Each structure stands twice: as structure tokens, then as C-alpha cells.
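Breakdown of the fold
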Amino acid sequence: MRALLAFVLLILSIPATATERYYGEYVIGTSGIRHTDLQFRTVEGRLTLGGYFAKGLGAEVSFGGPFRVGEDEGFTVQVENLATLSMRFESPPAEGLSAYILLGVSRFAVSQRGVNSLGGARTVRENFQGASFTIGLRQQLTNSRLSLVGGYQLHYVDQPIDIDAWTFGVRAAW
Amino acid sequence: MVANIMVKTNAFFKAAITLLVALSLASCDGDVRPLVEAVEANDIDLATIEIQPPASSLMPLFVSPGERLQFSILGRTFEGQSVTVSPNNRRWTSSNSNIASVSDNGLVVAHSNGTVSISARVAGAVSQQFNFEVSDALLQGIERIDGNNGGDVLNSCLPQNFTAIGNYGGSDLRALTGVVWSVNTASQMMGAEIFTSNTTPTGGISLVGRQPTGGNVGDVVLNATFPADDEIGQAAFSFERRFQVSDTLTDLTVAPERVDVEVGRTTRLVASATYSNQANPVTVTNGAEWLVVMGVNTVTVGTVGNSPGVVSGVTGGTATVRAVCGNEFDDAIVISANNSGSLSFNRNGTILLELSDRTFSGLRLSTGDTFSSSPDRDVTNEAQWSSSNTNVVTVDTDGSERGTLTLLSEGTATISAEFFDTVITIDVQVNN
């Protein structure tokens with residue numbers, strides 16, 4: 001926690017006029033998971049680190065973990081160990097506002113728990129890997145290296161399960 | 001120069017995006033089935049699963065290369081009750097798919113010699129490992145013919161399934177496929193027949209023995225021959241099993257006793273037999289002999305091996321169809337008629353009757369838009385009759401008096417007649 005605080009202070013201490021080459025994001029994501037007739041909505045936290053290697057073109061890696069499980073029909077579900085490796089395509093900013101698209105590969109586990117007739121729990125956990133598509137907006141705060149980010153992310157795993165997420169958070173660049 | 005750089009940059013972007021999308025899609029992994037199965041498992045309260053080979057399999061199980069086996073899954077609830085679990089679209093696993101592979105639907109295909117184990121996983125529950133051996137050993141002889149619960153007495157007209165068991169050496173016994181079955185001439189004269197169209201899943205046969213009509217019981221000899229195959233050096237083998245046809249049949253019943261059939265369509269009769277050595281009647285439709293004993297031009301009936309008990313309407317009229325087994329027989333009345341979809345009475349308007357007449361037998365019914373008394377259209381004796389007011393008038397519903405009205409008191413009633421799901425009504429007024 002101290003390290004994180006120190007990192008944030010370091011980022012904030014860098015003048016806003018310097019060239020932004022690297023960035024870190026922390027977002028809260030609320031994921032929708034749907035299979036059979038069940039629909040779950042979970043909450044995860046995600047940390048992203050990335051950098052630009054050309055103007056408007058970057059690469060990033062993000063990791064996430066569960067905050068809150070989703071519930072439906074007596075089952076609970078959570079998304080665990082979310083990891084995404086993406087390429088970022090970002091528009092030039094207009095008054096600090098830019099749009100971006102992320103294309104990448106994501107890997108995560110879905111853990112589902114149900115209670116049987118004896119009161120015991122049956123938990124199944126399945127790893128998924130597939131394509132990840134994100135569209136979003138970033139608004140740079142005035143005279144700051146901080147930005148607000150929000151987006152919609154879709155995971156495609158070629159299985160009859162729908163997994164998407166709305167994310168909102170803050171980015172710091174240096 | 002600038003344009004050249006932009007073209008190169010655009011090409012780079014396109015290539016990068018294409019590569020990334022292709023890599024992302026190609027890297028898809030994961031299986032949603034455990035999550036879906038967990039829902040199914042909760043619905044049926046599934047606790048454990050056990051996989052099973054085909055019911056006819058002998059243990060220990062040996063199979064030949066190329067052979068296919070459909071495995072099933074038996075589930076048990078937390079209370080120990082059996083539940084049906086579909087074998088389809090599950091996670092089946094073979095310990096060595098070079099020896100035998102298994103599909104997502106539990107279909108095992110043997111490939112080469114060796115021992116292999118199969119297992120399945122449903123909603124996180126893992127079955128036992130089912131071991132069996134794939135072997136291309138040659139048949140060394142026919143060990144026995146299984147069936148009839150091991151008994152040597154055949155109940156007359158009651159078909160039984162039989163399977164030949166081959167010996168491939170040591171404990172390697174297998175249910176044989178490709179066996180040629182026969183009964184000897186004396187057995188055929190006894191009325192014994194093999195249902196070639198009713199083979200068992202293991203390649204066996206269904207045999208029926210019959211006590212000859214008016215005759216005594218006798219023996220039936222069933223022969224199984226495994227043909228030679230010179231290409232693989234397989235010798236031929238034969239095996240006989242002898243049965244006695246019993247005289248335990250005490251009653252034969254055909255149901256329904258009376259049935260309607262449209263011309264050009266079929267209906268099915270069922271024969272049930274009561275045996276002195278069995279607690280309850282059993283269906284012998286496939287084993288009984290069927291014939292038309294009256295009205296042979298009106299209907300036809302299928303017999304052994306050819307849709308037994310299935311009656312086809314040929315022309316309008318009444319027929320008697322009989323099921324026979326040894327000295328026992330029973331009849332069903334079959335009404336065959338052209339169903340034009342409409343009915344007509346021979347009277348129009350309200351029928352006015354005097355109570356003092358007590359009965360009225362002048363009401364008749366035929367198929368068609370207008371009444372016809374021709375035998376193939378007059379269905380007075382075949383229709384189902386009813387009265388809306390049985391305090392005033394009743395109507396005979398059985399026998400040759402069908403449709404005859406009995407007048408009971410002054411008043412009105414509606415008489416209904418039904419034939420092949422078509423209903424027609426007529427009002428009756430009884431005056432004193």
C-alpha cells in the first residue's frame with residue numbers, strides 16, 4: 001500500500017508539460033456474465049500498465065480481481081485472475097478528450113458456486129482465454145497528468161457464454 | 001516522402017490489427033460446460049456419476065479394433081436415487097486415444113490392441129475409470145447362447161431375445177455380431193420363427209416358439225453359426241440350444257374388442273397372453289399369429305415379422321380379426337369405413353314422437369353430406385350414440401340395436417352420434 005501511495009505521489013509530482021510516455025490505470029469494472037438462463041453482474045478492480053511506442057499507438061497489460069460476486073437463481077459467480085494484453089489505438093485529443101480502442105487477448109477464470117439439497121456447496125471453476133475488445137473515452141484533467149477513463153469491454157471466448165464489462169477509473173501518466 | 005511514410009504507417013497499422021485479431025480469435029480456450037452442467041446438476045440434485053458400457057456388455061469387457069460402444073452415464077442424487085444424465089456433450093476422456101478414442105457424446109471407438117480406461121466429468125463430478133481391453137484375437141469357439149433368463153422352456157408366442165457369446169481365449173468372452181441364426185425344420189413346423197427385423201443391440205435375434213394349433217408342445221432347436229473369414233484366418237463355429245415350448249398359455253386377449261379404421265389407414269390391435277408361470281399378462285402382439293376370419297375383403301392384418309396386429313382398412317364394412325396362439329384365440333371387431341368428414345341422418349328437422357310408441361328405431365346414420373343406406377356408408381351400428389336428456393329419451397349404444405330410441409317421458413332431447421371424431425345431432429320431441 002505504501003508503495004502504491006509512493007507511486008501515485010511520484011506520478012503527481014512530474015510536471016504536466018513533460019512528454020507522457022507511460023501510464024497506469026486503475027478502474028472498477030462491473031461485468032455481466034450470462035449463460036443458460038442465468039445472468040450475473042460482478043464487480044472487479046483492474047490495474048493497467050502501458051506505454052506508447054508511436055503516436056496514438058501503445059501496448060498495455062492489465063490485471064484484475066473480484067470485489068463482489070454476482071448472484072442469480074441460487075448461484076454465485078465471480079471473475080478471477082483477469083489478465084489482458086492489448087494494443088491501444090487512440091485518437092488525438094480534442095480539448096483533452098480522446099477515444100480509444102483496445103484489441104487484445106484476455107485470460108480469466110469464472111468461478112461458480114451453487115448449494116445442493118444437503119446444504120453443501122458445489123463450486124466449478126473454469127479458465128477462459130479469448131479475444132478482448134474495448135472501446136472507451138479518456139478525458140485529461142486540466143494541468144494534470146491524471147485522466148478519467150471509461151469504456152466498454154467485450155470478451156469473446158467462442159463459447160455459449162457472454163462476458164462483458166463497463167469500466168470507469170483514473171489514469172496517471174508519466 | 002511524407003506520403004510514403006503515411007502509406008507505410010497505414011500498412012503497419014492494418015497488419016498489426018489483423019495479426020492481433022487473428023491471434024486473439026485463434027487463442028480461444030475454455031469450456032462453459034462445467035458452468036452449465038452445474039445448473040443442470042442442481043436441478044436434478046446430482047451428487048455422483050458412474051459411466052456404463054452398453055447394457056449387453058460382458059465383464060470384463062473386451063472389444064475388437066474398429067468396434068464402437070455407446071457409453072451412458074448413471075447419475076445418483078444425494079439421497080442415492082438414480083437419475084438420468086445424458087451422455088451427450090460431456091467431457092469424456094480416454095487414457096490412450098491411440099487404443100480407443102471417445103467422443104463428446106460417449107461413443108467409444110476401439111483402434112488398436114491394449115488396455116485403456118474411459119471416464120467422464122459432469123459439473124465437476126468425475127466418474128470412475130472404466131477399464132477395458134482392445135484385442136484383435138480370433139474367435140476360438142461359441143461358448144453359449146444367452147437369453148430367456150437361462151431357462152430351457154419357451155412360453156408359447158412370447159418372443160425372447162438371444163445372443164451368442166463367443167470365446168476369444170481365456171476370460172475374453174464377447175457378445176457376437178455377424179452370427180447367422182436359424183431354427184431347424186422340425187422347429188419351423190412347430191411354428192418357431194426368428195424375427196430378423198427385431199434384432200437385439202448385440203446382434204442377437206428374437207425367437208418365438210409356438211404350440212401348434214390343436215397340437216402338443218415340442219422342442220425348438222436354435223442354431224447360431226459364426227461364419228469363417230479366410231482373410232484373417234478365422235474359422236467357422238456353430239452352437240445349438242434346445243428349448244421346449246410350454247403349454248402354460250391359459251388365455252389370449254385382443255384389445256380393443258372393437259375398433260374403427262378408415263379405409264386406406266391403419267389401426268393397431270394388441271394381444272395379451274396369460275401364462276400359468278407368470279403373474280401378470282404379457283403382450284404377445286409380435287409373437288401371436290394374426291388373421292382376418294370374417295370380412296376378408298374389408299381389412300387386412302399384419303402378422304409375424306410384418307407389422308403384427310396392424311389392421312388396414314380396405315373397403316367399408318365390418319370384419320373380425322383374430323389373434324391365435326396354439327389352442328387359444330381371441331377376436332376383435334373392426335369397422336372399416338370411408339371417412340368423408342361429414343355425417344347425415346335419414347331424418348331432417350325435429351323428430352316428433354308419441355310417448356305411447358315406447359321405442360323408435362327409424363333413425364339411421366350414414367357418412368356423407370346426404371344419407372345413404374348403402375352398406376359401406378351406413379354406420380348406424382358403428383357410431384357412438386348419446387342423449388342429452390335421458391329422462392325423456394335414451395338411445396341404445398351397443399349391439400345391433402344401436403341408435404334405437406327408448407321414449408320415457410314427455411319433453412325434448414338432443415340425440416348425438418359420433419363417428420371418426422365427427423359429431424352430428426338431431427332434436428327429438430316426445431309428446432304425450
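First, a word on scope: everything that follows refers to the structure included in this document. Here the structure is a predicted model, which means the values were calculated and not measured.

**A word on the packing of aromatic side chains**
Two numbers describe a pair of aromatic rings. These are the distance of the centres and the angle of the planes. Considering all chains together, one arrives at ten aromatic pairs over all chains under this definition. With a centroid separation of 6.4 Å and 35° between ring planes, the pair formed by tyrosine 22 of chain A and tryptophan 174 of chain A is classed as tilted. Taken as a pair, tyrosine 22 of chain A in strand β1 (residues 22-35) and tryptophan 174 of chain A in the segment after β9 (162-173) lie far apart in primary sequence, 152 residues in all. For tryptophan 174 of chain A, a relative accessible area of 25% corresponds to the partly exposed category. Between phenylalanine 71 of chain B and tryptophan 92 of chain B, the aromatic rings sit 6.4 Å apart at their centres with planes inclined by 75°, giving edge-to-face as the arrangement. In this pair, phenylalanine 71 of chain B sits in the loop between β3 (68-70) and β4 (72-77) while tryptophan 92 of chain B sits in strand β6 (residues 91-94), placing the two residues 21 residues apart along the sequence. Considered together, phenylalanine 71 of chain B and tryptophan 92 of chain B belong to a single accessibility category, that of buried residues. Among the aromatic side chains, those forming a connected cluster through ring pairs are Phe71, Trp92, Phe130 and Phe132 of chain B.

**Digging into the state of the cysteines**
All names here are of chain B. Counting across every chain of the model gives one disulfide over all chains. What pairs with cysteine 157 in a disulfide is cysteine 325, and their sulfur atoms sit 1.9 Å apart. An S-S torsion of about 115° defines the bridge between cysteine 157 and cysteine 325 as right-handed. Of this pair, cysteine 157 sits in the loop between β13 (153-154) and β14 (160-167) while cysteine 325 sits in strand β29 (residues 317-325), placing them 168 residues apart in sequence. With a relative accessible area of 0%, cysteine 157 lands in the buried category. Residue classification places cysteine 325 among the buried residues on the basis of a relative accessible area of 1%.

**Structural notes on the pattern of salt bridges**
What the rule picks out here adds up to 21 salt bridges over all chains. Residue glutamate 90 of chain A is joined to arginine 88 of chain A by a salt bridge in which the shortest nitrogen-to-oxygen separation is 2.9 Å. Among the residues examined, glutamate 90 of chain A registers a relative accessible area of 11% and is labelled buried. A residue is classified by how much of its surface remains accessible, and arginine 88 of chain A, at 0% relative accessible area, is buried. Across the pair aspartate 260 of chain B and arginine 258 of chain B runs a salt bridge whose closest N-O atoms are separated by 3.4 Å. Among the charged side chains, a salt-bridge network with shared partners connects Glu25, Glu60, Arg88, Glu90, Arg138 and Arg171 of chain A.

**Some details on the nonpolar core**
All names here are of chain B. Grouped together as the largest cluster of nonpolar side chains are 26 residues, with contacts concentrated most on Ile51, Phe71, Ile73, Trp92, Val108 and Phe132. For this core, the elements supplying multiple residues, two or more each, are β1 (46-52), β5 (82-85), β7 (100-102), β8 (107-110), β9 (114-122) and β11 (130-134). Of all the elements, β9 adds the most residues to this core, at four residues. If you look at the next biggest cluster of nonpolar residues, it comprises 25 residues, including Phe345, Trp385, Val393 and Ala417.

**Let's talk about unusual backbone geometry**
Only a minority of non-glycine residues have a phi that is not negative, and only a minority of peptide bonds are not trans. Residue and element names in this part refer to chain B. The step from methionine 59 to proline 60 runs through a cis peptide bond, and the omega angle for that step is -5°. If you trace the backbone, proline 60 turns up in the loop between β1 and β2 (62-63). With omega at -5°, the peptide bond leading from alanine 255 into proline 256 counts as cis. Considering the arrangement of structural elements, one finds proline 256 in the loop between β21 (249-255) and β22 (258-262). Even without a glycine there, the phi angle at asparagine 149 is positive, about 55°. Considering the arrangement of structural elements, one finds asparagine 149 in the loop between β12 (141-147) and β13. The exposed category is assigned to asparagine 149, whose relative accessible area is 83%.

**Some details on the interface of chain B and chain A**
Each side of the interface is counted separately: chain B has 27 residues, and chain A has 31 residues. Here chain B meets chain A over a buried area of about 2,600 Å², counting both sides, of which 69% is carbon and sulfur. On the surface where chain B and chain A come into contact, there are one salt bridge. Among the ionic pairs, arginine 91 of chain B bridges to glutamate 126 of chain A, the shortest N-O distance being 2.7 Å. At the surface where chain B touches chain A, the tally comes to seven residue pairs in polar contact (both at pLDDT 80 or more). Only α1 (2-26) and α2 (33-44) of chain B provide two or more residues apiece to the side of chain B that touches chain A. Considering only residue class, the side of chain B that touches chain A consists of 18 nonpolar, five polar and four charged.

Cut-offs applied
Residues numbered from 1 in each chain as written. Chains lettered and ligands numbered in written order. Predicted model: local features only at pLDDT ≥ 70, side-chain atom pairs only at ≥ 80, totals over all residues. Heavy atoms only, no water. Phe/Tyr/Trp six-rings, centres within 6.5 Å; stacked < 30°, edge-to-face > 60°. Helix = DSSP H or I, 4+ residues; strand = E, 2+ residues; numbered from the N terminus. Buried < 20%, exposed > 50% of the residue type's maximum accessible area, 1.4 Å probe, protein only. Disulfide = S-S within 2.5 Å. Salt bridge = Lys/Arg side-chain N within 4 Å of Asp/Glu carboxyl O. Core = buried A, V, L, I, M, F, W, Y, C linked by side-chain atoms within 4.5 Å. Contact = heavy atoms within 4.5 Å. Buried area = accessible area lost by both parts, 1.4 Å probe. Polar contact = N/O pair within 3.5 Å; in protein donor to acceptor, adjacent residues only side chain to side chain. Nonpolar A, V, L, I, M, F, W, Y, C, P; charged D, E, K, R; others polar.

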